[in-house]
Amino acid sequence: MERLLDLLADQADTDKYTYSLPVIYANLDPAKIPAEENLNVPSVACANMALDQLHDLRPKHKSAFAELWHRAWPWIVFFQAYRECLSDRLMRLDPCFDLVILITRFRKDKQLESEIFSTVGVRTLVVDAWFAIANSENRLDHSAFTNLCRILPSLTADEPDHFDEIIEGAGGVANLSAIIGTTVLDCVRVAIGGPATHVDSLINVLTFIRILRHTDIMSPALAAAGGAKIITAASCTGFDPDGTVLEPSKKQTIVLLCLDAISTMIYSPEAMCAALPVGLLQSVLFCSTLALSQDEFIHCMLARILPSATVYHSVLIVLKEVIPMFSKMPDSLEFQRCWMYKDWMEFMTLVERRIAFMQQTEASHGVSMKACSNCNIMRERKDFRKCSRCQTVFYCSLECQKADWNTGHRETCQTNQIYSLRNMDITPRNYSFLRELFHKDMMKLKPSQLIPAPQSALPLSYLRELAQRSERNPFILVVHYQKGIPCAYIDEIAWARSRDFQHRFNWDDLERREARSSGLMELQTMVVQDGSPWHHRQFVFPQWSDRPGFLHRLFELLRQDISLKDAEEEVERLCTRCENESGTRIH
């Protein structure tokens, strides 16, 4: 190769390279890859030099791209696998960088690009190159950084094997999440006033996140790595202290990509609390000038995800601090005409109502009530003792505690401890506020509102059939906080159990206690969205009352051998009686 280049010294660079291609092609013959027993052979030196020459490929050589790829790829894999075994003269420090450069050159051939990214192992080496760059000094100025970012949007993860390759190259989901966060932060720091390539690099990294965000693994991992805060901050990229902005189209692209990624990360109150102070609502409002048809997920965030988060005390504390800056938004005539106005006002109204309730609960000094887990008597919390092991059940006396231990709690105490650990991600204050909010909403609920219409998914005929084939009360009150607003209906306990995907509740123990209570305890579950329309979480809050509850009495009524028409009339009378009764109910 060196002799050939000397002979062509007088030729123009492009002609010189064209004449060299046959030699490069020959020196990259995969058949010359040596066996592991004898690595330091001349063919390795020839391939080494040939790979160096491939860095200067030009579009005019496009017809040779496919053949060169099929020869270069096996050698890149060889140099990567044996980079620590080859002699100093033959080794290539970072063969993965060769891959990045070649993909950048070869992807001009779209058919070849598809073939490249169908090659097993390519994603692993690309991500390996990403880590090598991230661990270098001045990583944003690394010669391969811009090319790497250009490649990232092509690393599709449509197939499970593709995602596994990406994770393998990163050394785990946590490492991948960390490097994504680091790269986004680096790009944000230099996006304003820096080279335009850094803005493009940020867009490419955010596009890569969108590729991965639909996996059940990546969104939680990104959130755990601080992704909600980092990417929300990135969505505000474009405004520096002097007020200058990015090119509008790129600003819009960055905001939409960020919000798209965030929408699957803010599944916990912690992630939501991290995103709100650094500009989540500002970025959502930026989209008020965009066409709704293009941005359904923005509508979803404003109409569903954000309202659903208002059931958490910690989120309301943050909202209380940030919403005053938006107090003048409704006065803008331009904002009043945009597609977002109605959703925004409904969200603000809900926030104000929830904050008022939070302040009310914090200011009140009401008496906390509990029910004995053995005899169901209700008294003030101070009159009860709690199981010192599981910390989940209360007793009015030592005698009741002993009796319950002998009739079932002995078998469930340790199990209850395990289930409690599965809910440790919810802080005690958040859990307490959830229960207070649920209790308030249930006190306003009338039994007649629970009776399903004939055309509903669970009509009364279905509930009647369910009651008649069950030996004990199969009903549970499900309260789904759609858009943060409660929507209640009666369902069967088996359904609620099947939706507890994380196994957070000891359903066997709950059903046992409900069966022993003679109707004084009934199961009710609060369902909230976990940050997206596809993820939900349940909180089971049993209700105790001083007389049999509505679900128990409905079960007893529907068990009777009467016609459906008579059952409907009896249910109406039952609703009227229950609504006219007064009594004590606690959760």
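This one's a predicted model, so the numbers in the text were calculated from it and none came from an experiment.

Definitions and cut-offs
- Residues numbered from 1 in each chain as written.
- Predicted model: local features only at pLDDT ≥ 70, side-chain atom pairs only at ≥ 80, totals over all residues.
- Heavy atoms only, no water.
- Helix = DSSP H or I, 4+ residues; strand = E, 2+ residues; numbered from the N terminus.
- Rg over C-alpha atoms; globule rule 2.2 N^0.38 Å.
- Buried < 20%, exposed > 50% of the residue type's maximum accessible area, 1.4 Å probe, protein only.
- Contact = heavy atoms within 4.5 Å.
- Areas by Shrake-Rupley, 256 points an atom, 1.4 Å probe, with all protein chains shown as cover.
- Lys, Arg positive; Asp, Glu negative; His and termini not counted.
- Charge placed at Lys NZ, Arg CZ, Asp CG, Glu CD.
- UniProt positions renumbered as here; feature names shortened; annotations may be inferred.
- Pairing = 2+ DSSP bridges.
- Axes fitted to C-alpha atoms, helices over the stretch in contact; angles between N-to-C directions.
- Salt bridge = Lys/Arg side-chain N within 4 Å of Asp/Glu carboxyl O.
- Parallel < 35°, antiparallel > 145°, perpendicular 65-115°, else oblique.
- Left-handed = near helix turned anticlockwise from the far one by under 90°.
- Nonpolar A, V, L, I, M, F, W, Y, C, P; charged D, E, K, R; others polar.
- Phe/Tyr/Trp six-rings, centres within 6.5 Å; stacked < 30°, edge-to-face > 60°.
- Lys NZ or Arg CZ within 6 Å of the ring centre and 35° of its normal.
- Core = buried A, V, L, I, M, F, W, Y, C linked by side-chain atoms within 4.5 Å.
- 1 Å grid on protein atoms, 1.4 Å probe; cavity = no way out; pocket = protein on both sides within 12 Å on 5 of 7 lines; lining within 4 Å.
- Points joined across faces, edges and corners; volume = space filled by probe spheres on them.

Draft legend 1. Seen up close, the overall build of the protein. Across its full length, the protein carries 27 helices and eleven strands. The C-alpha atoms of the protein give a radius of gyration of 32 Å, which is well past the 25 Å a tight globule of 587 residues would have. The principal-axis extents of the C-alpha atoms in the protein amount to approximately 105 × 65 × 50 Å. Put simply, the protein has 587 residues, and 51% of those count as buried. Contacts in the protein between residues at least 24 apart in sequence constitute 71% of all its contacts with a sequence separation of at least 6. Carbon and sulfur atoms make up 51% of the accessible area of the protein, which amounts to about 27,900 Å² in all. Treating the 63 positive side-chain charges of the protein as one cloud and the 73 negative ones as another, the clouds have centres 6 Å apart.

Draft legend 2. Local environment of the UniProt feature "domain: MYND-type" (unreviewed entry) in the protein. Mapped onto this numbering, the UniProt entry annotates "domain: MYND-type" (unreviewed entry) at residues 372–413. Between the C-alpha atoms that bound residues 372–413 the distance is 16 Å, and the span itself is 38% helix and 17% strand.

Draft legend 3. The sheet that holds strand 6 (residues 485–492), seen in detail. Read across the sheet, four strands follow the order 6-5-8-9 without closing on themselves; strand pairing throughout is mixed. Whereas interior strands pair on both sides, the edge strands pair on one side only; in this sheet they are strand 6 and strand 9 (536–540). With direction set aside, neighbouring strand axes in the sheet form an average angle of 25°. By the bridge criterion, five bridges tie strand 8 (residues 524–529) to strand 9 in an arrangement that is antiparallel. The residue bridging M526 from the neighbouring strand is F539, located in strand 9.

Draft legend 4. Here's a closer look at the pattern of salt bridges. Summed over the entire model, instances satisfying the criterion amount to 25 salt bridges. Where K342 meets E346, a salt bridge forms, and the shortest distance between an N and an O atom there is 2.7 Å. Pair noted here: K342 and E346 are both in helix 20 (residues 341–363), with a separation of four residues, about one helical turn. The partner of R497 in a salt bridge is E511, with the nearest N and O atoms 2.7 Å apart. Pair noted here: R497 is in helix 24 (residues 493–498) and E511 is in helix 25 (residues 507–516), with a separation of 14 residues, a long-range link. Taking relative accessible area as the criterion, E511 reaches 13% and is therefore assigned buried. Among the charged side chains, a salt-bridge network with shared partners connects D404, D509, R512, R513 and R516.

Draft legend 5. Fine view of the packing of helix 4 (residues 65–81) against helix 5 (residues 95–106). Across the interface, helix 4 lies against helix 5 with an axial gap of 9 Å and an inter-helix angle of 165°. Regarding the angle of helix 4 to helix 5, the classification is roughly antiparallel. The crossing of helix 4 and helix 5 is left-handed. For the pair helix 4 and helix 5, contact is made by F65, L68, W69, A72, W73, I76, F79 and Q80 and by P95, C96, D98, L99, L102, R105 and F106, respectively. Residues that form the contact of helix 4 with helix 5 fall into these classes: twelve nonpolar, one polar and two charged.

Draft legend 6. Looking closely at the packing of aromatic side chains. Scanning the entire structure with this criterion turns up 19 aromatic pairs. Clustering of aromatic rings is evident, with ring pairs tying together F326, F335, Y341, W344 and F347. Lying across the ring of Y25, R71 places its NZ or CZ 3.7 Å from the centre. Its end group placed over the ring of F286, K251 keeps NZ or CZ at 5.5 Å from the ring centre.

Draft legend 7. Expanded view of the sheet that holds strand 10 (residues 543–545). Across the sheet, which stays open at both edges, the three strands sit in the order 7-10-11 with antiparallel pairing between neighbours. Edge positions in the sheet fall to strand 7 (521–522) and strand 11 (585–586), since each has one partner strand and no second. Direction of pairing for strand 7 relative to strand 10: antiparallel, over a ladder of two bridges. Looking at the pairing, E522 lines up with Q543 of strand 10.

Draft legend 8. Fine view of the nonpolar core. Counting 157 residues, the largest nonpolar core has L176, L280 and M340 as the members making the most contacts within it. Once residues lying within four places of it in the same chain are set aside, the contact partners of L176 are W130, F131, I166, I167, A170, F208, L212 and M218. Membership of the second largest hydrophobic core comes to 15 residues, among which are I493, L510, L523 and W544.

Draft legend 9. Just the environment of T584, in detail. Here T584 lies in the loop between helix 27 (564–580) and strand 11. Along the sequence, T584 and R547 sit 37 residues apart, while their C-alpha atoms lie 8.4 Å from each other. Once residues lying within four places of it in the same chain are set aside, the contact partners of T584 are M378, W544, S545 and D546.

Draft legend 10. Summary view of the layout of surface pockets. Of the volumes computed, that of the largest pocket is approximately 1,200 Å³. Around the largest pocket, the lining is made up of 38 residues, and of these Q391, T392, F394, S420 and Y431 lie nearest the centre. At the level of secondary structure, the elements contributing two or more residues to the lining of the largest pocket comprise strand 1 (369–371), helix 21 (398–421), helix 22 (428–444) and helix 25. By residue class, the composition of the lining of the largest pocket is 19 nonpolar, eleven polar and eight charged.

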